[in-house]
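# Observations on chain architecture
Read off the chains here:
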Amino acid sequence: MEALFFNVDSGFLEGIVRGYKAGLLTQNQYNNLTQCETIEDFRTQLSATDYGNFLANEPLPISTSTISDKATQVLVDQFNYLRSNAVEPLSKFLEYMTYAYMIDNVILIITGTLHGRNTNELLQRCHPLGVFDTMPALCVATNVEELYHTVLVETPLAPYFRDSVSAADLDDLNIEIIRNTLYKAYLEDFDAFCRTLGGPTAEIMHRILAFEADRRAINITINSFGTQLSKEQRAKLFPTIGRLFPEGNNALARADDIDQVRQACEPVAEYRAFFESGPAASRPNGARVGGSESTANLLGDLGDDLGGATAADLEDRFFVHEVHLNKLAFLQQFQYAVFYAYIKLKEQEIRSLTWIAECIAQNARDRIHDFIPTF
Amino acid sequence: MGLYSSYYTYGLSTFVTVVVALYLLFTGSGEAFNVGQFLEETSPYAWASTGIGLCIGLSVLGAGWGIFVTGASIIGGGVRAPRIRTKNLIRCIIGIVYSARMSPVPDTLLYTRENYFTGYALFWGGLTVGACNLLCGICVGIAGSTAALADAADPDLFVKILIVEVFGSILGLFGLIVGLLMVAQASEFTAAAPAAAVSPFVH
């Protein structure tokens with residue numbers, strides 16, 4: 001039934017987003033890029049893709065951070081085009097997507113202000129997609145109480161602060177805990193909003209957000225081994241919308257080492273595969289030629305004490321699964337998840353481009369294939 | 001209001017119907033509700049005209065619906081892949097073709113009134129063709145939208161999805177055939193022997 005009226009408001013934008021998706025780099029283009037010798041070659045190769053001449057005005061030598069910033073600017077321009085042409089409820093959906101970046105920016109500003117950093121420098125380091133009008137006001141606050149009240153009143157993130165964090169918490173608690181608490185509230189809110197949209201949007205977004213929730217739960221657990229984070233505190237940071245909720249979340253809260261984490265993830269078949277050892281099983285790398293060597297290097301050094309899954313390797317497998325879920329979102333028409341999936345895939349592509357550029361710049365060609373391709 | 005709007009819609013109409021029915025019953029004029037008398041007294045012209053109107057109206061609605069669904073996607077997809085514009089506009093035309101077929105038939109029949117069957121046949125035939133064309137138009141429109149976006153992504157898919165759309169067009173064709181079968185049985189409106197405009201069944 002959604003097909004009857006979807007095109008009234010959002011048909012044009014869906015066509016635009018699918019056009020953007022057709023411009024994502026393919027396997028062939030990635031191969032060409034990995035064979036570049038210098039950054040100038042890299043730039044020439046990129047100009048033949050949808051990126052065009054985005055680096056044309058940069059003076060040589062180009063640094064990889066410039067490449068990353070310019071590529072992010074391309075993404076931001078595309079997102080702003082979509083956002084300016086959207087009406088409700090798509091505009092609300094796109095706004096929800098920016099909240100994740102806003103959380104990162106707010107935490108950055110709070111940390112910076114509490115440590116007395118320069119406000120302009122902080123504002124420049126903020127992610128452009130997470131910029132909101134009253135952000136500079138956050139830098140003006142001198143103490144924590146003021147900061148908390150400013151944040152509470154001025155920002156779109158106010159509901160997430162109100163429910164979970166109090167003024168006293170802002171300087172006592174570790175800043176990472178605040179970030180995770182905010183993100184948990186954001187994920188649950190986003191999932192509830194998608195559920196009100198109904199139809200295929202709700203189904204596909206729930207699948208993607210549930211994986212995001214589980215991924216954060218697993219990462220929080222693994223990163224908290226050996227720190228002072230108590231188990232009750234850890235349990236409060238897990239989002240409740242994942243596939244591991246509630247038994248998996250409880251098991252993760254009680255876990256003390258990686259084996260118990262693996263056991264907690266047993267009920268879900270896809271997650272079980274993340275913890276298995278074996279290089280070729282879950283790392284589709286950029287090229288077959290150098291691929292097997294580099295993955296063997298990653299796993300070979302560490303032996304079997306972690307059961308074949310290191311933190312970095314696990315993170316890569318998470319990215320691979322996330323790319324897979326985002327590609328699946330494009331199989332259905334007349335729903336909003338394509339917008340979310342496209343932005344995530346584009347971000348992944350920018351990360352891959354930055355990796356390749358870094359490897360070229362530092363002449364580390366043996367690790368150049370360790371990025372995650374999208375197609 | 002959003003949560004209970006279905007309660008209001010169904011509840012209110014049921015309530016009004018029950019009140020009117022009970023009023024008729026309790027004031028002794030329950031016989032006023034007489035389906036047979038209604039069918040006999042309404043003019044076959046009214047039935048026939050309503051049928052033709054529904055046919056044309058619903059067909060146009062279906063064609064328009066299909067065109068806008070496809071058109072929005074063509075506009076969006078055409079930004080990056082301009083080649084899809086002309087190929088995909090043909091799809092919109094298919095929906096309109098069936099909307100004009102019913103009109104020539106009744107024009108020669110509407111001179112005098114008599115034949116109830118003609119009236120009913122035109123009404124239900126028109127409704128059938130109209131509804132089938134409406135659904136056919138929507139179907140072709142949605143399939144066309146997907147086809148335009150698939151064509152923008154990969155040009156090889158154009159012909160394959162065209163086949164799917166032809167199957168959708170067949171829906172309208174079936175409706176047209178059934179409508180024509182119904183109307184073929186109906187004779188022209190012929191004058192009753194002496195008094196032309198009055199039905200002998202009306203008291």
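Just so it is clear, the model here is predicted, and its values are computed rather than measured. (Residues numbered from 1 in each chain as written. Chains lettered and ligands numbered in written order. Predicted model: local features only at pLDDT ≥ 70, side-chain atom pairs only at ≥ 80, totals over all residues. Heavy atoms only, no water.)

## Brief notes about the environment of A:Phe132
Residue and element names in this part refer to chain A. Mapped onto the fold, Phe-132 is located in the loop between helix H6 (119-125) and helix H7 (135-140). We classify Phe-132 as buried; its relative accessible area is 8%. For Phe-132 and Phe-375, which are 243 residues apart along the polypeptide, the C-alpha to C-alpha distance reads 33 Å. Ignoring any residue separated from it by four or fewer positions in sequence, one finds Phe-132 in contact with Met-102, Val-106, Leu-138, Thr-155 and Pro-156. (Helix = DSSP H or I, 4+ residues; strand = E, 2+ residues; numbered from the N terminus. Buried < 20%, exposed > 50% of the residue type's maximum accessible area, 1.4 Å probe, protein only. Contact = heavy atoms within 4.5 Å.)

## Observations concerning the environment of B:Cys55
Tracing the backbone through its elements, the reader meets B:Cys55 in helix H3 (residues 44-78). The spacing of B:Cys55 and B:Phe123 is 68 residues in sequence and 8.7 Å in space, taken between C-alpha atoms.

## Section: empty space enclosed by the protein
All names here are of chain A. Under the defined criterion, the tally for this structure stands at four cavities of 30 Å³ or more. What the largest cavity holds in volume is close to 50 Å³. Met-97, Ala-100, Tyr-101, Tyr-183, Tyr-186, Tyr-340, Ile-343 and Lys-344 together form the lining of the largest cavity. Those elements that place two or more of their residues in the lining of the largest cavity are helix H5 (90-114), helix H11 (175-197) and helix H20 (337-362). In the lining of the largest cavity, the residues fall into seven nonpolar, no polar and one charged. (1 Å grid on protein atoms, 1.4 Å probe; cavity = no way out; pocket = protein on both sides within 12 Å on 5 of 7 lines; lining within 4 Å. Points joined across faces, edges and corners; volume = space filled by probe spheres on them. Nonpolar A, V, L, I, M, F, W, Y, C, P; charged D, E, K, R; others polar.)

## Thoughts on the packing of aromatic side chains
Residue and element names in this part refer to chain A. In the structure shown here, the tally under the stated rule is 27 aromatic pairs over all chains. Pairing Tyr-99 with Tyr-186 gives two aromatic rings, centres 6.5 Å apart and planes at 70 degrees, and the pair type is edge-to-face. Here Tyr-99 is found in helix H5, whereas its partner Tyr-186 is found in helix H11, with 87 residues between them in sequence. The exposure class assigned to Tyr-99 is buried, which follows from its relative accessible area of 6%. For Tyr-186, a relative accessible area of 3% corresponds to the buried category. With a centroid separation of 6.0 Å and 65 degrees between ring planes, the pair formed by Phe-190 and Tyr-340 is classed as edge-to-face. Taken as a pair, Phe-190 in helix H11 and Tyr-340 in helix H20 lie far apart in primary sequence, 150 residues in all. For Tyr-340, a relative accessible area of 5% corresponds to the buried category. Cation over ring: Lys-92 sits above Phe-193, and NZ or CZ is 5.8 Å from the ring centre. Looking at Lys-346, its charged tip hangs above the ring of Tyr-51, at a distance of 4.3 Å from the centre. (Phe/Tyr/Trp six-rings, centres within 6.5 Å; stacked < 30°, edge-to-face > 60°. Lys NZ or Arg CZ within 6 Å of the ring centre and 35° of its normal.)

Interpretation in functional terms is not warranted from these geometric data alone.
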